[in-house]
Protein chains: 2
Amino acid sequence: MPAAPSTARRRSRPPLTPAGIVQVALDLAAERGDFSMRALGQKLGADPMAVYRHFADKNALLDAMLDAALADFQPPGPDAADPLAGLRRMSHDFRAALLRHPGMAERVAMNRPATGPHTLELAEATLGKLFRLGLGASDAISGFEALVQFISGFVRAEEPVHARDDGGESAWLAEMQAAYSAVPADRFPHVARMAAQMPEQTLDRQFEYAIDLLLESLARRARK
Amino acid sequence: MPAAPSTARRRSRPPLTPAGIVQVALDLAAERGDFSMRALGQKLGADPMAVYRHFADKNALLDAMLDAALADFQPPGPDAADPLAGLRRMSHDFRAALLRHPGMAERVAMNRPATGPHTLELAEATLGKLFRLGLGASDAISGFEALVQFISGFVRAEEPVHARDDGGESAWLAEMQAAYSAVPADRFPHVARMAAQMPEQTLDRQFEYAIDLLLESLARRARK
DNA sequence: ACCTGAACACCGTTCAAGT
DNA sequence: ACCTGAACACCGTTCAAGT
């Protein structure tokens, strides 16, 4: 006969740990697209208040979730040949990581100081590339802020599009085109013209285009 | 003795109209920084459900509020000499208009088709300047989307900073600098270096810098 | 027919009561 | 000392009941 279960196993569920709570919270956010303390308590099989034993409030938990969400982000090595290509790749990877974890883009955008180790590693790698591009400290930091603000703002905006229960992005594009096609072309000719171009304005393309605008100017300023 | 008050005046408050509701709702959002249907009902001196007689739901009311919020936006004339200066001015004016009406930036970012007259006028004027810059339809539309996404995302992010009940922006800058100063400089040298530059990274400067990056690239693409 | 407000299904967090 | 859950102060919206 096996030994009696340890105290940890005697209870019907394992005891809560901060890391375990964070993991379940990220899973919950990924499943539902949103996240509440009460839903988390239920998924943990515990009282909604049990989490408050490990985190001061929802904000503190979200801070921990953000850093955990960025753990799977792998920055390119600092010595890679082309810093501009590195910045482009990191921008796309950052967007992808935020999209994998709904609600985290809002944390980035809120400009709370985020000093988790994975968050800092991402910032460090991005600043490194900007310096390697040849920018001075002031431009590197302003460029860093511009990229972070754009990426987090973009993901916050696209999250509800992906979460639509009808066709998601394609339904959204169709809706936009229908709306702009109905605009009176004599009063708003440019807007009416925009309607025809709408189907190719996918989120991927919009994101890539804007990132390239930002990076192109940064590269030019570095060259001067 | 004056005539008996009209039916409209006999009641203690004037009857609700869509335009009146929108005005009170914008006032409420400006005062409190946020906005709820229940608080609106109270401010109107009516049942929370009274608004539902004029608007299908909160979304419909917010759509009307956005267009009203953009009514005070004056686009520069289409014939102004320098389209780039026009775009810069419009970007700053758009940000200012959104900041005057908390919560409206979120509506812009959400990419619901916004087809109110003032919203369309803003879009029409912006696209006009981009075409005058020399861009083709595809670039003009992508550039338009990049500007709108950046501006709305930026305002969504800065709103909570301005709404802080301690020093607002200056308290936020101090907090950011303190956090980044505490980072281990051996592991994160670039981030530590960023701390020293933090005080000059005001929201105005961040915004201006990023807008100029976007516009600079757009102007270059137009020239080619 | 029109309007009202009770009720439903939520939310984050406090705090008193229990073990 | 630790944990629980009732309670507080919210939220948007449905729907039955009243005039």
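Scroll up a little and you will see the structure.
Since this is a predicted model, take the numbers as computed values, not measurements.

Draft legend 1. Seen up close, the relation of the copies chain B and chain A. In the superposition of chain B on chain A (RMSD 0.0 Å, axial shift 0.0 Å), the rotation amounts to 180°. Look at the turn and shift together and you get a two-fold axis relating the two. Taking the C-alpha atom as reference, chain B places Gly153 of chain B closest to the rotation axis, 2.1 Å from it. The residues that chain B uses at the interface reappear at the interface of chain A in 100% of cases, marking a shared surface.

Draft legend 2. Just the protein's contact with DNA strand D, in detail. Taken together, the neighbourhood of DNA strand D is formed by Arg38, Asp47, Met49 and Arg53 of chain A together with Arg32, Ser36, Met37, Arg38, Met49, Tyr52, Asp57 and Lys58 of chain B. Of what DNA strand D places within 4 Å of the protein, 43% of the atoms are sugar or phosphate. Take Ser36 of chain B: an N or O atom from its side chain is 2.8 Å from a phosphate oxygen of DNA strand D. The contact in question runs from a phosphate oxygen of DNA strand D to an N or O atom on the side chain of Lys58 of chain B, over 2.7 Å. Looking at the surface near DNA strand D residue by residue, the classes come out as 4 nonpolar, 1 polar and 7 charged.

Draft legend 3. Region of the structure containing the packing of helix 9 (residues 169–181) of chain B against helix 10 (residues 189–197) of chain B. Residues and elements named next belong to chain B. Remark: helix 9 packs on helix 10, axes separated minimally by 8 Å, with the N-to-C direction vectors making an angle of 150°. For the element pair helix 9 / helix 10, the angle class is roughly antiparallel. Crossing of helix 9 against helix 10: the hand is left-handed. Touching Gln177, Tyr180 and Ser181 of helix 9 are Val191, Ala192, Met194, Ala195 and Ala196, all from helix 10. Residue classes in the contact of helix 9 with helix 10 are distributed as 6 nonpolar, 2 polar and no charged.

Draft legend 4. Local environment of the protein's contact with DNA strand C. Taken together, Arg32, Ser36, Met37, Arg38, Met49, Tyr52, Asp57 and Lys58 of chain A together with Arg38, Asp47, Met49 and Arg53 of chain B are the residues near DNA strand C. A distance of 2.7 Å is found between a phosphate oxygen of DNA strand C and a side-chain nitrogen or oxygen belonging to Ser36 of chain A. Separating a base nitrogen of DNA strand C from a side-chain N or O atom of Arg38 of chain A is a distance of 2.4 Å. A class-by-class count of the residues in the surface near DNA strand C yields 4 nonpolar, 1 polar and 7 charged.

Rules used throughout
- Residues numbered from 1 in each chain as written.
- Chains lettered and ligands numbered in written order.
- Predicted model: local features only at pLDDT ≥ 70, side-chain atom pairs only at ≥ 80, totals over all residues.
- Heavy atoms only, no water.
- Least-squares fit on C-alpha atoms with pLDDT ≥ 70 in both.
- Contact = heavy atoms within 4.5 Å.
- Near = heavy atom within 4 Å.
- Polar contact = N/O pair within 3.5 Å; in protein donor to acceptor, adjacent residues only side chain to side chain.
- Nonpolar A, V, L, I, M, F, W, Y, C, P; charged D, E, K, R; others polar.
- Axes fitted to C-alpha atoms, helices over the stretch in contact; angles between N-to-C directions.
- Helix = DSSP H or I, 4+ residues; strand = E, 2+ residues; numbered from the N terminus.
- Parallel < 35°, antiparallel > 145°, perpendicular 65-115°, else oblique.
- Left-handed = near helix turned anticlockwise from the far one by under 90°.

Treat this as a map of the structure, not an account of what it does.
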